[in-house]
Each structure stands twice: as C-alpha cells, then as structure tokens.
Amino acid sequence: MNLEGKFRKKESIASRTIAGESFLVPVCGQPADMQKIFVLNNLAAFIWEHLDGEHTVVDLLGAIVEQFAVDREQARLDTVEFIGQLLEQNLLEGVA
C-alpha cells in the first residue's frame, strides 16, 4: 500500500457509536449488503474517523502513534491491514 495515498469513506456507509461500541452500517445497496454491520475496536474507529480524503496514510500513522502510544511500525502494520479490509469490503475509495 502506498503510504502517501489518501482514502475517504464511501458515502453509502454510516458510522454510529452506541453504548461505547462503534459500528459501520451500509445505508443503501442490495439487501444482502444491509446485513453487513461492522463492529470497530478503538483503533479501527480512530482510523475510520480520520479517513477524510485530505490526509495521507503517513499523516494518519503520526496521529495513531500520538493517540495510542504505540510504535510506528506496529501502527503501520495495523493501519495497512485495516485499510486493506475496508477496501476489500468496498467501504473506502482512494483519492487522486
């Protein structure tokens, strides 16, 4: 993954926090898509909130290291894995 890349959330996905749990919910599409609800841990919710299409993955890594007090390599591994999963599920799009 290009760490200088930028990604943004697709508009067809809503995020909600209920009783301290963060969820991603498709708001349109095929009926089968409506059955996919994704539960996010704290790191995943933080990443999701920062995927605004304005900042690079490198920018995001700096914010993660600061917020979660983890080393940069662990932040990179976790972020690349999560963004890959979001792309596989068609929840994100790259920004040129």
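Our subject is the structure listed above.
Let me begin by describing the structure that accompanies this report. (Residues numbered from 1 in each chain as written. Predicted model: local features only at pLDDT ≥ 70, side-chain atom pairs only at ≥ 80, totals over all residues. Heavy atoms only, no water.)

## Concerning the overall build of the protein chain
In terms of helices and strands, the protein chain carries three helices and six strands. Secondary structure elements in the protein chain, listed N-terminal to C-terminal, are β-β-β-β-α-β-α-α-β. Relative to the 2.2 N^0.38 estimate, which gives 12 Å for 96 residues, the radius of gyration of the protein chain is 13 Å and therefore close to what a compact globule would have. Overall, the C-alpha framework of the protein chain stretches about 40 × 35 × 20 Å when taken along its three principal axes. As displayed, the protein chain has an accessible area near 6000 Å², and 49% of this comes from carbon and sulfur atoms. Taking the 8 positively charged and 15 negatively charged side chains of the protein chain as two groups, their mean positions are separated by 5 Å. (Helix = DSSP H or I, 4+ residues; strand = E, 2+ residues; numbered from the N terminus. Rg over C-alpha atoms; globule rule 2.2 N^0.38 Å. Areas by Shrake-Rupley, 256 points an atom, 1.4 Å probe, with all protein chains shown as cover. Lys, Arg positive; Asp, Glu negative; His and termini not counted. Charge placed at Lys NZ, Arg CZ, Asp CG, Glu CD.)

## Quick look at helix 3 (residues 72-88)
Here helix 3 contains 17 residues, and its C-alpha end-to-end distance of 24 Å stays within 8% of the 24 Å for a straight helix at 1.5 Å per residue. Of all the positions in helix 3, only A75, T79, F82, I83 and L86 are classed as buried. Summarising the axial view, the buried residues of helix 3 lie within an arc of 100°, below the 170-degree limit, and thus occupy one face. Those residues of helix 3 hidden inside the fold are in contact with strand 1 (6-9), strand 3 (21-26), strand 4 (38-40), helix 1 (42-50), helix 2 (57-68) and strand 6 (92-95). (Expected span 1.5 Å × (residues − 1). Buried < 20%, exposed > 50% of the residue type's maximum accessible area, 1.4 Å probe, protein only. Arc of directions from axis to C-beta. Contact = heavy atoms within 4.5 Å.)

## Brief notes about the sheet that holds strand 1
Strands sit in the order 5-1-6 across an open sheet of three strands; the sheet is antiparallel. Strands at the two margins of the open sheet, each flanked by one partner only, are strand 5 (52-56) and strand 6. Across the sheet, the mean angle separating the axes of adjacent strands is 30° when strand polarity is ignored. With four bridges joining them, strand 1 and strand 6 adopt antiparallel strand pairing. Its bridge partner lying in strand 6, K9 is registered against L92. Helix 2 rests against strand 1 and strand 5 of the sheet, and its axis sits at about 80° to strand 5. (Pairing = 2+ DSSP bridges. Axes fitted to C-alpha atoms, helices over the stretch in contact; angles between N-to-C directions.)

## Notes on unusual backbone geometry
What is expected of a backbone is that most residues other than glycine have negative phi and most peptide bonds are trans. Phi at A69 is positive, roughly 50°, even though this residue is not glycine. Assignment of secondary structure puts A69 in the loop between helix 2 and helix 3.

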